[in-house]
Amino acid sequence: MALPALLVAAQLMAAQGLSAPALPRLPPITRQPQVVFVDRNGEEIGTRGGRYGPPVDIDRLPAYVPAAFVAIEDRRFWDHGAVDPVGMARALLADIASGKAKEGASTITQQLARNLFLNDQRTVSRKATEIVYALELEKAYSKKQILGLYLSRVYFGEGAYGLEAASERYFARPARRLTVRQAAMLAALMKSPTEYDPIEHPDRSSERTALVLAAMTATGAITPAQSARALAETPHVYHVARQDDAQYFVDWADGQVNRLFPRITRDIIVRTTLDLPLEAETGEAAQRIVADYRGRGVQQAAVISLDPDGRVRALIGGTDYATAPYDRAVLAHRQPGSSWKPFVYLTALEAGLTPDTPEIDQPVTIDGWSPSDYEPEFLGPITLQVALAKSINTVAASVADQVGRDKVAATARSLGIVSPINLDPAMALGTTAVAPLEMAEAYDALGNGGRRVVAYGVEEVQEVGGPVIWRHPAPVTPQVVDNPYLSELVGMMRTVLTEGTGTAAAIPGHDLAGKTGTTSDYKDAWFCGFTGGLTTVVWIGRDDDRPMVKVVGGSAPASLWREVMAAGMRRFPTGPIPEGPPPPLPASVVAEAGTAPAMGASSANPPAAQAPATQTPATQTPATQAPASPRPR
């Protein structure tokens, strides 16, 4: 069968005035290594690196999947050589008449040769070279290998190169699970991925799919009964790739992989911390709520959810990765508004104040600056707990001034804030620009029992078909908040949802704590909070830094936070907010025992040879007293 093909090749080359030398050596088949990211359950969430996946293993697919492509593209593929002489002879007459080559007679091997080594120019010389390379491919590889290479390289539209990518893009499933109808739909795209796109042109796709099914029946790949069932099937086609929301996370995780492995020479699989179902629900909720508030100027949202050890379970850097891939959860720095206030009140509690300490909501001026509240009326004498629940600005500013804004900054840094912190009087109201990721780490420390976390997204890296080459070490989470301060602050933050500015975030029957945040100019709105086992931070705003129309943290952000947390609590084991370490023993008990445990140590297991801890009496004036906790700042 190769002789007629050689004659045709020689004729084509002669038509261009070329000699017919010995067949050249086949160029090397190259592809860049791929990095495939999977979620915590093994579901693929994205690919970085090379455009093409590894060659498709034909033997791992249902027989009707490769048969669909053979039936419609080259039904005599298994019988002829690199070139189909009958088809080529028919095309040759048309070529001579028109003076240029046509593509209709290309075999799968020729298409692969063109895909691997050539371009799509329709010239006789290119056609001749294509045939030469096709002959070499047939000498070097088996038919199964050629078909597998072909299926890994062809373009299916919608950004999907190769069968696996196309199967995930259109049907959110691996190729090994394609139905007969789905396989035929993908094979139908080979004629024109644009014209027969099942998303943009479902009618054309159906018509072409019917032709593929008829060809599969004619070649014996399927029975007439299977064809009839396939025709009656209406597969769900994903108009937006199910993985699209995860691309913000994949970009972030890819950065971590690049730091671990600056040069990747083999395909690797990266198992991540992400939970794809939660990620998808989070993305859908963000899109819906932003759309609901678009009339009030809302354009974007960012969400990040962490488990108690800092594993990222969901990360949404925006509402549409395809049009706006900038990651607002990790890269954007915006003012947190009143969601900063827990850092102020934690510092105050550690300085000796209590949730019941009275303060006065009244006009106040600090260094020439006078804060105002959302509500115009002043409440007069209130407790710190009420001040936090109702987000009273005058009290937060006064308390920060009393305990020291430098100490508030130190508290924020100990919890996880790494951005530069300003120390002007307005810092108490959240004028320091921070990333949602930082806020999530800080709030996670408040919700996990007082342990500092560093958010991460990569659990392990494995070579494809090889060993695990890296595992994330056990998270190191040092204790940074002790009791009674932690439990007192969490109690104050619970009231935000039960009787304060965050009631829209409440979920009946669940132990929740959090804080709203709204900047004075309505450019940023936040809700940050946690339950036992899950912390979520939400930011809503605009990319152009223009004000929204009175969108506050207790409105759109609280609603989005509630939806994400409800979804997360369905996905993960959650429960009451952990209390954290027990408070230190009273001084009288320590004196009787003759040993002073370290701050936060349990009386049942006091450390040996521990020097007595020094504590500042709670009666000391807050304005001059040092923090009671001895941890480094």
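Note: the structure precedes this text.
What comes next concerns the included structure. Note that the structure is a prediction, hence the values are computed from the model and not measured.

Quick word on unusual backbone geometry
For step 1, the next point in the chain: Here the bond from Asn483 into Pro484 is cis, since omega is 15 degrees, no more than 30 degrees from zero.
For step 2, the next point in the chain: With respect to the helices and strands, Pro484 occurs in the loop between strand S9 (468-471) and helix H18 (485-499).
For step 3, the next point in the chain: The backbone of Glu158 sits at a positive phi, close to 55 degrees, despite the residue not being glycine.
For step 4, the next point in the chain: Locating Glu158 in the fold gives a position in the loop between helix H6 (143-153) and helix H7 (163-171).
For step 5, the next point in the chain: Of note in the backbone geometry, Tyr522 takes a positive phi value of approximately 65 degrees without being a glycine.
For step 6, the next point in the chain: Take Tyr522: it is sitting in the loop between strand S10 (513-518) and strand S11 (524-531).

A look at the nonpolar core
For step 1, the next point in the chain: In terms of nonpolar packing, the biggest core is built from 103 residues, with Trp340, Phe343, Tyr345 and Leu560 touching the most fellow members.
For step 2, the next point in the chain: Looking at this core element by element, the count peaks at eight residues for H18.
For step 3, the next point in the chain: When near neighbours in sequence (up to four residues on either side) are disregarded, Leu560 contacts Ala285, Ala286, Ile289, Ala301, Val303, Val538 and Ile540.
For step 4, the next point in the chain: Within the second largest apolar cluster, 53 residues are counted, among which are Phe69, Leu135, Phe156 and Ala188.

Notes on the pairing of strand S12 (residues 534-541)
For step 1, the next point in the chain: Most of S12 sits out of view: eight of its eight residues are buried.
For step 2, the next point in the chain: Burial along S12 is two-sided: the residues Leu534, Thr536, Val538 and Ile540 and Thr535, Val537, Trp539 and Gly541 are all buried.
For step 3, the next point in the chain: Bridge analysis of strand S4 (residues 300-306) against S12 gives seven bridges, and the strand direction is antiparallel. Of the residues in S12, the one forming a bridge with Ile304 is Val537.
For step 4, the next point in the chain: Relative to S12, S11 is paired through eight bridges, and the arrangement is antiparallel.

With respect to the packing of aromatic side chains
For step 1, the next point in the chain: Overall, the coordinates contain twelve aromatic pairs when judged by the stated rule.
For step 2, the next point in the chain: Clustering of aromatic rings is evident, with ring pairs tying together Trp340, Phe343, Tyr443 and Phe530.
For step 3, the next point in the chain: Here the basic side chain of Lys143 rests over the ring of Phe77, its NZ or CZ set 4.2 Å away from the ring centre.
For step 4, the next point in the chain: Taking NZ or CZ as reference, Arg169 lies 5.7 Å from the ring centre of Tyr170, over its face.

Points about the packing of helix H2 (residues 64-73) against helix H8 (residues 180-188)
For step 1, the next point in the chain: Relative to each other, H2 and H8 sit at 35 degrees, their axes nearing to 9 Å. Here the hand of the crossing between H2 and H8 comes out right-handed. Residues Tyr64, Val65, Ala68, Phe69 and Ile72 of H2 touch H8, and the partners they reach there are Val180, Ala183, Ala184, Leu186 and Ala187.
For step 2, the next point in the chain: Partitioning the contact of H2 with H8 into residue classes produces ten nonpolar, no polar and no charged.

Remarks on the pairing of strand S6 (residues 358-361)
For step 1, the next point in the chain: Only one face of S6 is covered, namely the face carrying Glu359 and Asp361; the face carrying Pro358 and Ile360 is uncovered.
For step 2, the next point in the chain: Here S6 runs beside strand S7 (residues 380-383); their pairing, made up of four bridges, is antiparallel. Among the inter-strand pairings, Asp361 is bridged to a residue of S7, identified as Gly380.

Criteria and cut-off values
- Residues numbered from 1 in each chain as written.
- Predicted model: local features only at pLDDT ≥ 70, side-chain atom pairs only at ≥ 80, totals over all residues.
- Heavy atoms only, no water.
- Helix = DSSP H or I, 4+ residues; strand = E, 2+ residues; numbered from the N terminus.
- Core = buried A, V, L, I, M, F, W, Y, C linked by side-chain atoms within 4.5 Å.
- Buried < 20%, exposed > 50% of the residue type's maximum accessible area, 1.4 Å probe, protein only.
- Contact = heavy atoms within 4.5 Å.
- Pairing = 2+ DSSP bridges.
- Phe/Tyr/Trp six-rings, centres within 6.5 Å; stacked < 30°, edge-to-face > 60°.
- Lys NZ or Arg CZ within 6 Å of the ring centre and 35° of its normal.
- Axes fitted to C-alpha atoms, helices over the stretch in contact; angles between N-to-C directions.
- Left-handed = near helix turned anticlockwise from the far one by under 90°.
- Nonpolar A, V, L, I, M, F, W, Y, C, P; charged D, E, K, R; others polar.

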